[in-house]
Amino acid sequence: MKIKSSDLVSLFEKSLVGVPQENLDEIGIVVQVGDGICQVYGLTNAEYGELIKFDGGNEGIVLSLDEETVAVFLLHGSIVVEEKEIAKRTGGVYKTMVGDQLLGRVINALGKPLDGLGEIKADEYRQVEAPVPQIIERSPVNQSLETGIMVVDALVPIGRGQRELIIGNRGTGKTAIAIDSILHQKGKDVICIYVSIGKRQANIARLVRMLEQNGALDYSIIISAEASEAVLNQYLAPYVGCTIGEYFRDQGKDVLIVYDDLSNHAVAFREMSLLLRRSPGREAYPGDVFYLHSRLLERAGKLLNGGSITALPIVQVQGDDVTAYIPTNLISITDGQIVLDTKLFNSGVRPAVNVELSVSRVGGSAQTKAIKKMTRALRLELAQYHELLAFSQFGTELDEVSQKHLARGALAVEILKQPQYVTYSFVDQALILFLLKEDYLDKLAKKDVSAFAAQFVSYAKSVYPNVYETIFQEEDVSDETVKQLHKMAKEFTKLFVPPSSANQSSS
Amino acid sequence: MKQVISVARNYAIAFLNTFEDDMTPQDFLRIRAIRDFWLDNKKMFTFLNVPGFDLMKKKELLNALLKEFDAPAFLQELIVLLVRHGRASYIPDVLEQVCDLYKERNNILFFTITSTYELSEDELKTIEQFLAHKTGKKILFNWSIDTSLIAGIRCQSDTLVWEHSISKQLDDLRKQFFLQGASS
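Residues numbered from 1 in each chain as written. Chains lettered and ligands numbered in written order. Predicted model: local features only at pLDDT ≥ 70, side-chain atom pairs only at ≥ 80, totals over all residues.

Draft legend 1. Spotlight on the overall build of chain A. In terms of regular secondary structure, chain A is built from 17 helices and 17 strands. By its C-alpha atoms, chain A is 85 × 55 × 50 Å across when sized along the principal axes. Here chain A holds 507 residues, and the buried ones make up 45% of them. Considering only contacts within chain A whose residues lie at least 6 apart along the sequence, 72% involve residues at least 24 apart. (Helix = DSSP H or I, 4+ residues; strand = E, 2+ residues; numbered from the N terminus. Buried ≥ 20, exposed ≤ 12 C-beta atoms within 10 Å, placed from the backbone. Contact = placed C-beta atoms within 7 Å.)

Draft legend 2. How the structure looks around the overall build of chain B. Looking only at helices and strands, chain B features 7 helices and 4 strands. Counting from the amino terminus, helix and strand elements in chain B follow one another as α-α-α-α-α-β-α-β-β-β-α. Its C-alpha atoms give chain B a radius of gyration of 20 Å, clearly above 16 Å, the size a compact globule of 184 residues would have. The buried share of chain B, taken over its 184 residues, is 21%. (Rg over C-alpha atoms; globule rule 2.2 N^0.38 Å.)

Draft legend 3. Summary view of the domain arrangement of chain A. Split into domains, chain A comes out as domain 1 (25-93), domain 2 (97-367) and domain 3 (373-497). Computed from C-alpha atoms alone, the centre-to-centre distance between domain 1 of chain A and domain 3 of chain A is 61 Å. (Domains from an automatic or database assignment.)

Draft legend 4. Structural detail: the packing of helix α12 (residues 400-416) of chain A against helix α14 (residues 449-463) of chain A. All names here are of chain A. Interaxial distance between α12 and α14 falls to 9 Å at its minimum, and their mutual angle equals 60°. As the angle between them shows, α12 and α14 are arranged oblique. Considering how the two elements wind past one another, α12 and α14 form a crossing that is right-handed. Contacts between α12 and α14 involve Leu-411, Glu-414 and Ile-415 from the former and Val-449, Ser-450 and Ala-453 from the latter. Residues of the contact of α12 with α14, tallied by class, amount to 4 nonpolar, 1 polar and 1 charged. (Axes fitted to C-alpha atoms, helices over the stretch in contact; angles between N-to-C directions. Parallel < 35°, antiparallel > 145°, perpendicular 65-115°, else oblique. Left-handed = near helix turned anticlockwise from the far one by under 90°. Nonpolar A, V, L, I, M, F, W, Y, C, P; charged D, E, K, R; others polar.)

Draft legend 5. Seen up close, the nonpolar core. Counting 152 residues, the largest nonpolar core has Val-72, Ile-193, Ile-257 and Ala-430 of chain A as the members making the most contacts within it. Broken down by element, the residue count for this core peaks at 11 residues, all from helix α5 (residues 231-250) of chain A. Listed in part, the 19 residues of the second largest apolar core include Tyr-11, Leu-62, Ile-91 and Leu-95 of chain B. (Core = buried A, V, L, I, M, F, W, Y, C linked by C-beta atoms within 7 Å.)

Draft legend 6. Region of interest: the domain arrangement of chain B. Residue and element names in this part refer to chain B. Along its sequence, chain B is carved into domain 1 (2-105) and domain 2 (107-183). Distance from the C-alpha centre of domain 1 to the C-alpha centre of domain 2: 30 Å. Residue-level contacts link 5 residues of domain 1 with 5 residues of domain 2. Going through the elements one at a time, α2 (25-40) and α5 (91-106) are the ones with two or more residues in the side of domain 1 that touches domain 2. When residues in the side of domain 1 that touches domain 2 are grouped by element, the largest group, 3 residues, is from α2.

Draft legend 7. Structural context of unusual backbone geometry. Residues and elements named next belong to chain A. That bond from Asp-260 to Asp-261 is cis: its omega, -5°, falls within 30 degrees of zero. With respect to the helices and strands, the residue Asp-261 is situated in the loop between β13 (254-260) and α6 (262-275). At Leu-43, a residue that is not glycine, the phi angle is positive and equals roughly 45°. By the secondary structure assignment, Leu-43 is in the loop between β2 (37-42) and β3 (50-54). On the basis of neighbour counts, which here come to 22 C-beta atoms within 10 Å, the residue Leu-43 falls in the buried class. Positive phi is not limited to glycine here, since Glu-475 has a value of about 55°. Mapped onto the elements, Glu-475 comes out in the loop between α15 (465-474) and α16 (479-495). With 16 C-beta atoms counted inside 10 Å, the residue Glu-475 sits in the partly exposed group.

Draft legend 8. Region of the structure containing α14 of chain A. All names here are of chain A. The first and last C-alpha atoms of α14 sit 21 Å apart over 15 residues, in line with the 21 Å expected at 1.5 Å per residue. Those residues of α14 lying buried are Val-449, Phe-452, Ala-453, Phe-456, Val-457 and Ala-460. The buried residues of α14 all sit within an arc of 135° when viewed along its axis, so they share a single face. Set apart from the buried face of α14 by more than 90 degrees, the exposed residues are Ser-458 and Ser-462. Where the residues of α14 are buried, they touch α12, α13 (426-437), α15 and α16. (Expected span 1.5 Å × (residues − 1). Arc of directions from axis to C-beta.)

Draft legend 9. A look at the packing of helix α7 (residues 289-297) of chain A against helix α8 (residues 325-333) of chain A. All names here are of chain A. Between α7 and α8, whose axes approach to 10 Å, the crossing angle comes to 35°. Relative to α8, α7 is oriented so that their crossing is right-handed. Between α7 and α8, the residues in contact are Val-289, Phe-290, His-293, Ser-294 and Leu-297 and Asn-329, Leu-330 and Ile-333, respectively. Of the residues belonging to the contact of α7 with α8, the class tally is 5 nonpolar, 3 polar and no charged.

Draft legend 10. Spotlight on the confidence of the model for chain B. Residue and element names in this part refer to chain B. Mean pLDDT over chain B works out to 88, with 96% of the residues at or above the 70 mark. Model confidence for chain B, summarised as mean pLDDT per element, is weakest for helix α7 (residues 166-183) at 73 and strongest for strand β1 (residues 108-115) at 94. For this predicted complex, the interface confidence score (ipTM) comes to 0.74, while the overall pTM stands at 0.85. (pLDDT = per-residue confidence, 0-100.)

Draft legend 11. Examining the pairing of β1 of chain B more closely. Residues and elements named next belong to chain B. Extensive coverage of β1 is indicated by the burial of 6 of its 8 residues. In this fold, β1 hands off to helix α6 (residues 121-135), which returns the chain to strand β2 (residues 138-145); that crossover is right-handed. Here β1 pairs with strand β3 (residues 152-156) via 4 bridges, running antiparallel. Pairing of Thr-112 across the sheet is with Gln-156, part of β3. (Right-handed = clockwise from strand over helix to strand, strands pointing away. Pairing = 2+ DSSP bridges.)

Draft legend 12. Spatial organisation of the environment of Val-80 of chain B. All names here are of chain B. Topologically, Val-80 is positioned in helix α4 (residues 73-84). Between the C-alpha atom of Val-80 and that of Gln-97, which follows or precedes it by 17 residues, the distance is 17 Å. Sequence-distant contacts of Val-80, defined by excluding residues within four places in its chain, comprise Lys-59 and Leu-62.

Draft legend 13. Expanded view of the environment of Ser-360 of chain A. The topology assignment puts Ser-360 of chain A in strand β17 (residues 359-360). The contact partners of Ser-360 of chain A, leaving out residues within four places of it in the chain, are Val-156, Pro-157, Ile-158, Glu-164 and Gly-336 of chain A.

Draft legend 14. Structural view of the pairing of strand β10 (residues 165-168) of chain A. Residue and element names in this part refer to chain A. By the alternation rule, side chains of β10 split into Leu-165 and Ile-167 and Ile-166 and Gly-168, which are all buried. Taken together, the 4 bridges between β10 and strand β16 (residues 336-340) define a ladder with parallel strand orientation. Across the sheet, Gly-168 pairs through a bridge with Leu-340, a residue of β16.

Okay, here's the thing in structure tokens:
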């Protein structure tokens, strides 16, 4: 930034005519600095979470109060804090900027823009550690938040205000589910916030480019606390994201927030706790690691004013072990989990959602009626399929009924496969699931199933737009509509040319 | 370190329980000055810990030092006691604890007032009244000249500071520009 000398003079003059401060500042003296943390002697009245300003220009947050000293975690790694430097109380807790100008921007946990698009003007500043909404202010989760991912919307539906954990091994498509959900919110008046904790810069750059290309950046905010940043920033990032979400929620808007991922967040908190010499507990995490995430995720929810925050926390597990400390904590805090399976992923089932372990505790009441009607038996069919699949692998000869279950399950698995960045509206999903439910896919070859479903949706949209529109408007499939769908499906079955046979004939 | 402070505090409590009524605010200032001198010249006093030296010789040195500071006689008794107990290295900590306890018991705040020129009695009185009004405590102070302030006054205690000076305004401006520069 270039500063004109005339600006400097006028600023200096302005500060000189300023009235002397009325009160005395409370101060402390830095007695020890290291590892992004400093011990300050004095500051006798400092409060937990209070923002402290150092004479050298750095800032920090009080995270431990001892008899003689307080421990302050530093916010800016680049500004040096020296021994014997004076630290002043500010009397307030750490606040972050919130406002409409944040939309489409990439910021760090301190609110500084990382996208090179210039300064952001804050509408207001809010405390990052805000109290959770009271019971009386909350409303039940009764409105669906479509993710556009069929397996999720059909089997583990997410409602607005719900907290749905995405859990899985490294490289099983956890972030992909969250990103697809963000992409699907285009034109749905949902503000999306993506909080990246401890990720690589390259990943964030790729994500930003992808959101931009798909026109999703306009309604999104990205908060990035990279792996190389101060541990305090990684600790603060989800709270900052949630605070920004609360700003929009208080305006009656719906917000979708993705915390990617909370296992890194827990690791950052563990590092801080060990530096503060707090007693390590299970897996060296401190005793209050549960509270770390419960107080964050309790801030999600649907309010009576109409606004909501839907949280999609992500947690990474090792060796598909969902019984580790942090995953079990998060499973108990959230309203359900989407479990991603490495074996499914490697066998080509994507999204690799393990439907037996995945559950949505409140989403069922928010699921669109149209989808609900089409998926009544789907979970059971898939469960039977996976059970029988284990038998069939032993080479056991199966009876006709079992073979039918296997064939049907295989079809269901096939139809629930979905490429990344391709999302379906709930009407598309209802139409595809109708084909599965009413056995229109049974006679098709496995490789033609996806093409049949996709072409049927296009056929319905173009030839029977009134039926499509009726389902969209009513969010339900009436008996009358079912009759029409049967008619459409029969018509289309006759018209459909499987891509495999078309290829053969052309060659 | 905690153990040293704890022992030092016990000595300080015993000392004040015995001599607090005889101690004046001026004595408090002298004790502070002796503590500062001791901290700056720790090596000078290492021989106090050597048992081979005669206690009388040690007393002579302490007498000479305390006389320089016009220290009260009861302070010498405390220091000699510490030397006799083989705790000469505790002396600065004990003196610090004496100061802290004395301030605590007498509702005193000690300030260092810094200005760019020699302040008059009236000016110092005004500053003292201002600080007493703001803190609700009895104010003791020493003052010094510091031209690096450029113009203005700075009053600082262990836990409080009040400053209105050109150097502070410049520093605030520097921080403002630094933060703007960092965010752009």
